[in-house]
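Listed below, chain by chain, are the residues.
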Amino acid sequence: MTTLQIAVIGVLGLIGIGLYGLLIARNLIKVIVALQVLVKGALLALVAAGLASGKLNLGQSLAVMVIVVDTVVAVIGLALALQVKRRMGTLDIKDLSTLKK
Amino acid sequence: MSTEQFALDNVLLWLIGLPLVAAPLVYFAGRLFNLGRWAALGVIGLTWIPFVIAAQQVGTGSISLVVEGMTLRMDGISLVLAAIALSLGTLVVVYSNRYVAHEENEDKYYPMLVALIGVITGLGCATDLFNLWVWFEAMAISSYLLVAFYRDQPASLEAGLKYLVQSAVGSVLVLLGMALVLALTGTMNLAEIRAVAGQPATPGLPLLAAGALFVIGFGVKAALVPMHTWLPDAHSQAPSGISAMLSGVVIEAGLIALLRAVASLAGVTLSWGVLLMGFGALNMLAGNLLALRQKHVKRMLAFSSLSHMGYMLLGLGIAVYVGQSAAAAGSFFHLINHGLMKGLAFLAAGALLYVLFIKTGDHHSPLTISDLGGAARKYPIVALTLSIAALGLGGLPPFAGFMSKWQIFVAGFETQNIVIDLLVIFAALNSVLSLAYYAPIVNAVYRQEPSEAVTRGQALSWTMSLPLILLAVAIVILGLWPSLLAWLTGPAGTALVKAFGG
Amino acid sequence: MIQALILLTMGLPWLGGLAVWLTTNKHPRAQHTLAVVFAVATGSAALLLLPYASATPAIVIPLGGLFGDLTFTPDGLSVFLAIIATVVGSLAVIFSVNYMHGDKQLGRYYELVLLFIGAMAGLALTGSLLFLFVFWEVTAFCSFALIAFNNDDPKAVAGGIKALIITSLGGVGLLSGALIIYAQTGSYQIAAFLERAETLPKEVLALVAFGFLIAAAAKSAQFPFQTWLPDAMEAPTPVSALIHAATMVNAGVYLLARFFPAFEGVAGWTTAVMIVGLLSALLAGLMALVATDLKRALAYSTVSQLGYMVYAIGAGGVYASQFHLLSHAVFKALLFLAAGAVIHGVGTRDMRQMGGLGSRMPFTRTVFVIGALALAGIPIFNGFWSKELILEAGLHEGSLWAYGVAFFCAGLTALYTLRMVYLVFFGKPRSHLHAHDAQPAMKVSLGLLALGSVTTWLLAGPLSELLKSTLPFHEFHELRTGGMIQEVITQPATLAALAVIVAGGLLWWQRQRLTGLTRMLQGLARMATNSFGFEAINRGVIRVTQSTAEALRVTQTGLLSWNVAGIAIGLIVVLILLAWGK
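Here's a quick rundown of the structure. (Residues numbered from 1 in each chain as written. Chains lettered and ligands numbered in written order. Predicted model: local features only at pLDDT ≥ 70, side-chain atom pairs only at ≥ 80, totals over all residues. Heavy atoms only, no water.)

Overview of the overall build of chain A
For chain A, the count of helices and strands is 3 helices and 0 strands. In sequence order, the secondary structure elements of chain A are arranged as α-α-α. Its C-alpha atoms give chain A principal-axis dimensions of roughly 50 × 25 × 25 Å. Considering only contacts in chain A between residues 6 or more positions apart, those separated by 24 or more positions represent 54%. When the accessible area of chain A is evaluated, it comes to approximately 5200 Å², of which 70% is carbon and sulfur surface. (Helix = DSSP H or I, 4+ residues; strand = E, 2+ residues; numbered from the N terminus. Contact = heavy atoms within 4.5 Å. Areas by Shrake-Rupley, 256 points an atom, 1.4 Å probe, with all protein chains shown as cover.)

Here we look at the overall build of chain B
Counting its regular elements, chain B contains 20 helices and 2 strands. For chain B, the C-alpha radius of gyration of 21 Å lies close to 23 Å, the compact-globule estimate for 502 residues. Along the three orthogonal principal directions, the C-alpha set of chain B runs to about 70 × 55 × 40 Å. Counting only residues that meet the buried cut, chain B has 71% of its 502 residues in that class. Counted over contacts in chain B with a minimum sequence separation of 6, partners at least 24 positions apart contribute 80%. About 14200 Å² of surface is accessible on chain B, with carbon and sulfur atoms providing 66% of the total. Positive and negative charge centroids in chain B, built from 22 and 21 side chains respectively, lie 8 Å apart. (Rg over C-alpha atoms; globule rule 2.2 N^0.38 Å. Buried < 20%, exposed > 50% of the residue type's maximum accessible area, 1.4 Å probe, protein only. Lys, Arg positive; Asp, Glu negative; His and termini not counted. Charge placed at Lys NZ, Arg CZ, Asp CG, Glu CD.)

Points about helix α16 (residues 400-414) of chain B
Side chains three or four residues apart in an α-helix point the same way, a direct result of the helix having 3.6 residues per turn. All names here are of chain B. Between the first and last C-alpha of α16 there are 21 Å, a value that for 15 residues agrees with the 21 Å anticipated at 1.5 Å per step. Counting buried residues along α16, 14 of its 15 residues qualify, which places the element largely inside the surrounding structure. Two residues or fewer past α16, Gln416 is found with a positive phi of approximately 55°. (Expected span 1.5 Å × (residues − 1).)

With respect to the interface of chain B and chain C
Contact with chain B, which involves 68 residues of that partner, is made by 58 residues of chain C. Approximately 5600 Å² of surface area, both sides summed, lies buried where chain B meets chain C, with 75% of it carried by carbon and sulfur atoms. The interface formed by chain B and chain C includes 2 salt bridges. Ionic pairing is found between Glu550 of chain C and Arg293 of chain B, a salt bridge with its closest N-O pair at 2.7 Å. Our enumeration of links across chain B and chain C arrives at 15 residue pairs in polar contact (both at pLDDT 80 or more). (Buried area = accessible area lost by both parts, 1.4 Å probe. Salt bridge = Lys/Arg side-chain N within 4 Å of Asp/Glu carboxyl O. Polar contact = N/O pair within 3.5 Å; in protein donor to acceptor, adjacent residues only side chain to side chain.)

Re empty space enclosed by the protein
If you walk through the whole model with that rule in mind, you get 3 cavities of 30 Å³ or more. Of the voids in this model, the largest cavity is the one considered here, and its volume is about 200 Å³. Those elements that provide at least two residues to the lining of the largest cavity are α16 and α17 (418-445) of chain B together with α5 (129-147) and α6 (154-185) of chain C. Among the residues making up the lining of the largest cavity, the classes are represented as 10 nonpolar, 4 polar and 2 charged. (1 Å grid on protein atoms, 1.4 Å probe; cavity = no way out; pocket = protein on both sides within 12 Å on 5 of 7 lines; lining within 4 Å. Points joined across faces, edges and corners; volume = space filled by probe spheres on them. Nonpolar A, V, L, I, M, F, W, Y, C, P; charged D, E, K, R; others polar.)

Quick word on the interface of chain A and chain B
Contacts between the two partners involve 38 residues from chain A, matched on the other side by 36 residues from chain B. Across the interface of chain A and chain B, roughly 3200 Å² is buried in total on both sides, 81% from carbon and sulfur atoms. One can count 0 salt bridges joining chain A with chain B. Taken together, the links from chain A to chain B amount to 7 residue pairs in polar contact (both at pLDDT 80 or more). At the level of elements, α1 (3-24), α2 (28-53) and α3 (56-88) of chain A are the ones that each hand at least two residues to the side of chain A that touches chain B. With 16 residues, α3 of chain A is the single largest residue contributor to the side of chain A that touches chain B.

A closer look at the pattern of salt bridges
If you walk through the whole model with that rule in mind, you get 19 salt bridges over all chains. Arg447 of chain B is the salt-bridge partner of Asp152 of chain C, the closest N and O atoms lying 3.6 Å from each other. Of this pair, Asp152 of chain C sits in the loop between α5 and α6 while Arg447 of chain B is found in the loop between α17 and α18 (452-456), placing the two residues in two different chains. Taking the relative accessible area as the measure of exposure, Arg447 of chain B reaches 33% and is therefore partly exposed. Among the salt bridges present, the one from Glu550 of chain C reaches Arg553 of chain C, with a minimum N-O distance of 3.4 Å. Residue classification places Glu550 of chain C among the partly exposed residues on the basis of a relative accessible area of 30%. Among the residues examined, Arg553 of chain C registers a relative accessible area of 14% and is labelled buried.

A word on the packing of aromatic side chains
Under the defined criterion, the tally for this structure stands at 35 aromatic pairs over all chains. Between Phe223 of chain C and Phe534 of chain C, the ring centres sit 5.5 Å apart and the planes meet at 90°, which makes this aromatic pair edge-to-face. Residue Phe223 of chain C is found in the loop between α8 (202-219) and α9 (228-231), and its partner Phe534 of chain C is found in helix α24 (residues 534-552); the two are separated by 311 residues along the sequence. Through pairs of rings, three or more aromatic residues link up here, namely Phe402 and Trp406 of chain B together with Phe133, Tyr182 and Tyr188 of chain C. The ring of Trp136 of chain C has Lys219 of chain C sitting right over it, with the charged end atom 5.0 Å from the ring centre. Sitting above the plane of the Phe363 of chain C ring, Lys443 of chain C keeps its charged end 5.4 Å from the centroid. (Phe/Tyr/Trp six-rings, centres within 6.5 Å; stacked < 30°, edge-to-face > 60°. Lys NZ or Arg CZ within 6 Å of the ring centre and 35° of its normal.)

Focus on the nonpolar core
Formed by 484 residues in total, the largest nonpolar core has its most connected members in Trp406 of chain B together with Phe193 of chain C. The residue makeup of this core includes at least three contributed by each of domain 1 (2-529) and domain 2 (536-581) of chain C. Every residue in contact with Phe193 of chain C, bar those within four places of it in the chain, is listed here: Ile181, Leu200, Leu205, Val208, Phe259, Ala262 and Phe263 of chain C. (Core = buried A, V, L, I, M, F, W, Y, C linked by side-chain atoms within 4.5 Å. Domains from an automatic or database assignment.)

Concerning a nonpolar patch on the surface
All names here are of chain B. Residues Ile381, Ile469, Val473, Ile477, Leu480, Trp481 and Leu484 make up a contiguous nonpolar surface patch of about 600 Å² in total accessible area. Counting residues per element, the nonpolar patch draws most heavily on helix α19 (residues 462-480), at 4 residues. With respect to the secondary-structure elements, Ile381 resides in helix α15 (residues 380-393). (Patch = residues over 30% accessible without salt bridge, like charges linked within 9 Å, V, L, I, M, F, W, Y side chains within 5 Å.)

Here's the deal with the packing of α2 of chain A against α3 of chain A
Residues and elements named next belong to chain A. Contact pair α2 / α3: the axes reach a minimum separation of 9 Å and the direction vectors enclose 175°. The pairing of α2 with α3 is recorded here as roughly antiparallel in orientation. Across the contact of α2 with α3, the residue classes tally to 17 nonpolar, 5 polar and 1 charged. (Axes fitted to C-alpha atoms, helices over the stretch in contact; angles between N-to-C directions. Parallel < 35°, antiparallel > 145°, perpendicular 65-115°, else oblique.)

Digging into the side chain of Thr229 of chain B
Within the secondary structure layout, Thr229 of chain B lies in the loop between α8 (204-221) and α9 (230-237). Setting aside residues no more than four positions away along its own chain, Thr229 of chain B makes contact with Gln166 of chain B together with Thr555, Gln556 and Asn563 of chain C.

Some remarks on the pairing of strand β1 (residues 63-67) of chain B
All names here are of chain B. Bridge count for β1 against strand β2 (residues 70-74) is 5 bridges, and the pairing is antiparallel. Among the inter-strand pairings, Leu65 is bridged to a residue of β2, identified as Leu72. Between β1 and β2, which follow one another and run antiparallel, lie 2 residues, and Glu68 among them has a positive phi close to 50°. (Pairing = 2+ DSSP bridges.)

Side note on the packing of helix α13 (residues 325-356) of chain B against α19 of chain B
Residues and elements named next belong to chain B. Running from N to C, α13 and α19 point in directions that differ by 150°, and their axes come no closer than 10 Å. In this view, α13 runs roughly antiparallel relative to α19, as classed from their interaxial angle. In this structure, the crossing between α13 and α19 has a hand that is left-handed. On α19, the residues that touch Phe333, Asn337, Leu340, Met341, Gly343, Leu344, Leu347, Ala348, Ala351 and Tyr354 of α13 are Met464, Pro467, Leu468, Leu471, Ala472, Ala474, Ile475 and Leu478. Looking at the contact of α13 with α19, its residues break down into 16 nonpolar, 2 polar and no charged. (Left-handed = near helix turned anticlockwise from the far one by under 90°.)

Description of the environment of Leu372 of chain B
Residues and elements named next belong to chain B. In this structure, Leu372 sits in the loop between α13 and α14 (375-378). With a relative accessible area of 0%, Leu372 lands in the buried category. In this structure, the C-alpha to C-alpha distance between Leu372 and Arg447, residues 75 residues apart in sequence, is 8.8 Å.

Some thoughts on the pairing of strand β1 (residues 59-62) of chain C
Residues and elements named next belong to chain C. Here β1 runs beside strand β2 (residues 69-72); their pairing, made up of 4 bridges, is antiparallel. Each residue of the ladder has a partner; that of Val60, found in β2, is Thr71. Count of turn residues in the β1/β2 antiparallel hairpin: 6 residues, of which Gly64 carries a positive phi of about 80°.

What about the environment of Arg352 of chain C?
Residues and elements named next belong to chain C. Secondary-structure assignment places Arg352 in the loop between α14 (318-346) and α15 (362-376). Sequence spacing of Arg352 and Ala272 is 80 residues, and the spatial spacing of their C-alpha atoms is 38 Å. Setting aside chain neighbours within four positions, we find Arg352 in contact with Thr292 and Arg430.

A few points about the environment of Val134 of chain C
Looking at the secondary structure, you find Val134 of chain C in helix α5. Val134 of chain C gets classed as buried once you look at its relative accessible area, which sits at 6%. Residues within four places of Val134 of chain C in sequence aside, it is in contact with Pro397, Phe402 and Met403 of chain B.

None of this, on its own, says anything about what the molecule does.
Next comes the structure, spelled out in structure tokens:
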């Protein structure tokens, strides 16, 4: 098995786990963790793509940038989750479904 | 190419850089001296100078800025986006003067808004897929906090979180698409991708998948059905100025990011145009039906954004499918008009929300249709401008929305393709359907008996009425003289068709 | 000069609207005065257009891009319709001075009425299809806003929205037709299209022709779109007289007349037009016979009379249709305004509560009876001459069955008109209603219209001359007023028509003796009361749309998991579609 193949399997695995988590998780923190898993899959994909196209440097530099940007998103997400917990005393996304229809 | 270098006399640098650099200053001005609103107004006012110069330089071509090997290029499409972001941004800053005054997060509101304008301008100018993604994420980040502005409101937090999670999923899909493109073409530059992707030697199917990932990933932000579910929540819970920005600029920026990314894969398949038209039809119908039974004004307006996105998609799809720039120009015209009309609608509805509820300390109550009752007597300007916005959105002449829809429709019929003709008729029927929820707004504001909320309503400040009047006047003028913006929409249409290789 | 007059005809009412707006509701007297002054000035400007009528565009403003040229062509048909709109408009405004006295939202009323008058003049005068559509929709908007003028009444709001939706729905036909024409000829100019119509592919021309027929039927409240007009009667009565009797509803007839030379040759088109007209005339006539609301009865009769005009166009009698349009605009505006005076006087629209009002409002009774005689087609009154011309055109050009139906409808008209007059003004009072006669400003409008109902037929010759000399694509026979009189009087068909009208009248006098017949027709009456099921169809469409919309709301679950699932589903579907399309 080549490195690339392993990487592809890793990507698919991470994406699968992330999506699964997003679809079934009810706890807000778990949702954000699942989102992070999804992003890690994308990171691995970028590095793997760099490897496949022979431009590993490009792939890696993109990945570093993505990590930076995505940390900000994760921080905001967690900050909002914190506020939710503080104001509503719950982290269950079922309780976060007042806006519908 | 030698002229495209980093230099302080490059107008693009100022156009994009000024708001971005000034945003922290606006924050400090607000934090330390409570002058955030004026600082923001000053910065945006100054940004108009490079914009006007850039608009003249772009003409029918483009101007570029190279920073450390990263190229930003402003063409007709970027100019349209910058124009609407800047126009609406200016008015929203004026409008928000009172709206967010004394709110807990006021000091963070203005810098975020200023940064949002700079970021959107930058997004329009990206020439590199990764660069596009970074701008896109920056836009998302600056809007998350604006959506969840009322941090003590559970509904506001809920809307912000949903927006964040869905946007993030979309952005991951875009990253995956980028990885596929990188793996197969070895580059991130849009023009180079296009050159490689068109060659027969390049494997088509993975690139097709990458295109699908772009359509869906950016489509979350552009509110394509069925990825639209964040939109009604975010648009209705955000402060009204931000609702206007989201609906009038941010989702359109998502659409333009989508177009830029997909255009680089134009050579892979001919079906992009069909796909866009399909989403257009779906968005129109779903948006109208979902809006039809809404009782909350801002939520109804949010759903109607879906259907307007549908009109733009239809025109763009026609343009991409037959390689005809008139339909794309019509869509960009509609993009601008929708920004003005929906911006006005949200601002006017927000003005009522503010004077009827927020000003009395009630942050919970939504503005319902029945609350609008009899608003005309007490708030004649808001009533008139809200009616103009609603009728314009419904596509009635002599307002701007009619003319841009007409342009899309004519361009569609000019193709003499029977399926496109039928789609256009479908779009026209959808406009009629939309009247069924726009018209009651007009009926409600002109009732004689004021609703309970209106009786208790507070006075309206001129900083809120002024943007409403300006937008209403613009809508009427554009409706009477539609070719006034042809200098802006024409080159944008041509640029789009060129990007797709027509 | 001509340019200035055209601009005045359209611009004056809009300026007037602006002036009324600036005056604000604090000064109702000034608002009344301004409205009357601007409306009358508009009417005068339109009348002055007459000597300048010509087939060449007087104003051409290039708009660039796909918007073509904005042109105004003051040809006979245009000037004719513009005059009707502005003159009846000014009379309706004069009438409103009394009728709308004391209304709290007077400003909005006059603004909308004046906006309508200007838009209607624009619709008549423009030579560009794009702007024909623009004015078409603006008049639809005014109609909506004025029907729902009393926004606090849910019935008025529903009626307004219904009118807006149905006419806009028909408008899609006009839109498609206009778009097809532009795609084929590269121009929005009506004259250019009429000139080149024969060179267009047959199927394409047929699409345009039927698209325009749908638009015309929706605007003129013809079968199967007639349901909006009766509900539009929630509007203030002068508005009903102006928009829903004398002008806007004529736009459909105008459209058909305007494009008749192009569509004449389209297979089946003239037959379809005749069927639409006759079905409207027949069904609405029957509904008028059983209506109990005075204004609704008049609305049904409007649908029926418009049906006559549409039928005339189908039979090739463009001139007859326009002549009847003139007569109808005058006598129906008279009837509506007189009905308005009655309603204003007694405070109800229900004819079952009226009766015997004639002695207490003699002036109103007299003018109403004049209008009614014209509507019934009694000689000397203008309705007689124009209806005879239509029947004659039908006898010469159309098929015999169609003529038979039209013939029958003439009797029907006499019957329901007589019933209406009797129920309101004669017999014994059926309830204790306070009544007062028309007020001064009302009397001015009513008197002038009554005079018109007796005299406008004298204009038959000049109208013919006007149309003949300025419409190069239409074919009109030379017709002088004297010639018309001779022609109509010597026709045996006229006697037959008169006989059926008299028969219709006799049927009403002998109604007690004909109980057997009445019982036989009870099923028909019940169907007519239920508007032959068209209301049910409307309600069905609304119900299906609304329940679909309501059902679709379930998709907005509010749950984050489902929202993400939406993204996943979207991705899978797009992937499959793209792979399949490859």
